[in-house]
Amino acid sequence: MSLFLKGLLFFAGTALCTFVIQGLLFRFASTLGIREAHSTEIRWNRTSKPALGGIAMFISLISAVFIFLVTHPNENIFSNWKFVLFFLGMCLAFLMGLSDDAYNTKPLLKLSSQIVCGVCVSLSGTLLPLTSVEWVDFLITTLWVVGIMNSINMLDNMDGISASITLSALLFLMLFCFIFSGFSLTIYALLVIALMGSLVSFLFYNFPPSRIFMGDSGSQLIGYCLSFFVLHFLWNKGAQGFVFPRHILFYITLSILAVPFIDTFTVVFNRIRRGISPAKGGKDHTTHALFNNGLSERRVWISFFGISVVMGAIGMIIGLLFNSTQSDLALLPFVLFYVFFYRLFQNTQKLMH
């Protein structure tokens, strides 16, 4: 069976699995996972909806792991220390988010769990190699995981945003590896495909106007997986034969994750400037500002998804131009578009305040 067909079957299977599970949960759980049922101070939506998307995503990913074990009997992935640590971190991210959905846990407990997730990634040897000092890279990697998990969680403030932005990032990550390196269907590649299929299916229920939310169980899960996959495939040569200078990888990473980076930095910077804790929820995100300035929720979704696609394409252009010319002039479109979108987000926030 060809690699393409195997990947397509994994994608379709997890999409169908997520769709069925979400449908069952949505039908039979009228109150399970409902967040902030009597408060609209933090949640954007005025109506209470079940936060069940993360549960369906997690079950689908676990099913993908089980299918891999059945179809690859000679590959005992649970004897691989790197995969075991990744898997434990994935489970912890989901359970921590599920606990927050159910009990609205304390921020310190949530942060501690995220740090443990980051330590799992660092201990697995999947490091962000920005220095030649291992313990420094260990710390940077842990902070990276915590930052991405919180960034995706902060993006989950309006229907369809977080899921579609993560889907875009994963799509460009896979395209980049496919174009610039040898590509094989390892357990990690299949999990990326499975997560993409799960997100597509989830968007059927979460596209504005949504019927369900992903909840923290979903945002923490996909944030953790996204942080790991970027490190594994871009920075740790998870795809064979992948060679780019470190600064080019840095710009490509910023391009693929442009929306989470720019939006999170803008919100956190503005909150600190106003003397508000960045950890406190609120309706002061860029998505809210766009809505308050006349865009419908669907147009806000289109705008954010469009920016994510444009910046992902810029990352591809950087790779293509640098690969052919070896010139840092390939970074020019990245710099111009990054500055443009950052100023756009900042100006939008100023209009709201």
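The structure we're discussing is the one just above.
Residues numbered from 1 in each chain as written. Predicted model: local features only at pLDDT ≥ 70, side-chain atom pairs only at ≥ 80, totals over all residues. Heavy atoms only, no water.

> Would you mind going over the packing of helix α4 (residues 107-123) against helix α8 (residues 215-235) in detail, with residue names and values included?
Relative to each other, α4 and α8 sit at 25°, their axes nearing to 11 Å. Accordingly, the angle class assigned to the pair α4 and α8 is roughly parallel. Seen along the crossing, α4 lies across α8 with a hand that is right-handed. The segment α4 lies against α8, with Lys110, Gln114, Cys117, Cys120 and Val121 engaging Asp216, Gln220, Tyr224, Phe228 and Leu231. (Axes fitted to C-alpha atoms, helices over the stretch in contact; angles between N-to-C directions. Helix = DSSP H or I, 4+ residues; strand = E, 2+ residues; numbered from the N terminus. Parallel < 35°, antiparallel > 145°, perpendicular 65-115°, else oblique. Left-handed = near helix turned anticlockwise from the far one by under 90°. Contact = heavy atoms within 4.5 Å.)

> Quick rundown of the packing of aromatic side chains? Include the residues and the values.
Per the stated rule, a full pass over the model turns up 20 aromatic pairs. Between the aromatic rings of Phe19 and Phe204, the centroid separation amounts to 5.2 Å while the plane-to-plane angle is 65°, which identifies the pairing as edge-to-face. Of the two residues, Phe19 is situated in helix α1 (residues 3-28) and Phe204 in helix α7 (residues 187-206); the sequence distance between them amounts to 185 residues. When the centroid spacing of 5.3 Å and the interplanar angle of 90° are considered together, the rings of Phe78 and Phe87 count as edge-to-face. Using a relative accessible area of 16% as the deciding quantity, one classes Phe87 as buried. Among the aromatic residues, ring-to-ring pairing joins Phe78, Phe83, Phe86, Phe87, Tyr188, Tyr224, Phe228, Phe229 and Phe233 into one connected group. Geometry around Tyr188 places Lys82 over its ring, the cationic atom sitting 5.4 Å from the centre. (Phe/Tyr/Trp six-rings, centres within 6.5 Å; stacked < 30°, edge-to-face > 60°. Buried < 20%, exposed > 50% of the residue type's maximum accessible area, 1.4 Å probe, protein only. Lys NZ or Arg CZ within 6 Å of the ring centre and 35° of its normal.)

By themselves, these figures tell us nothing about what the structure is for.
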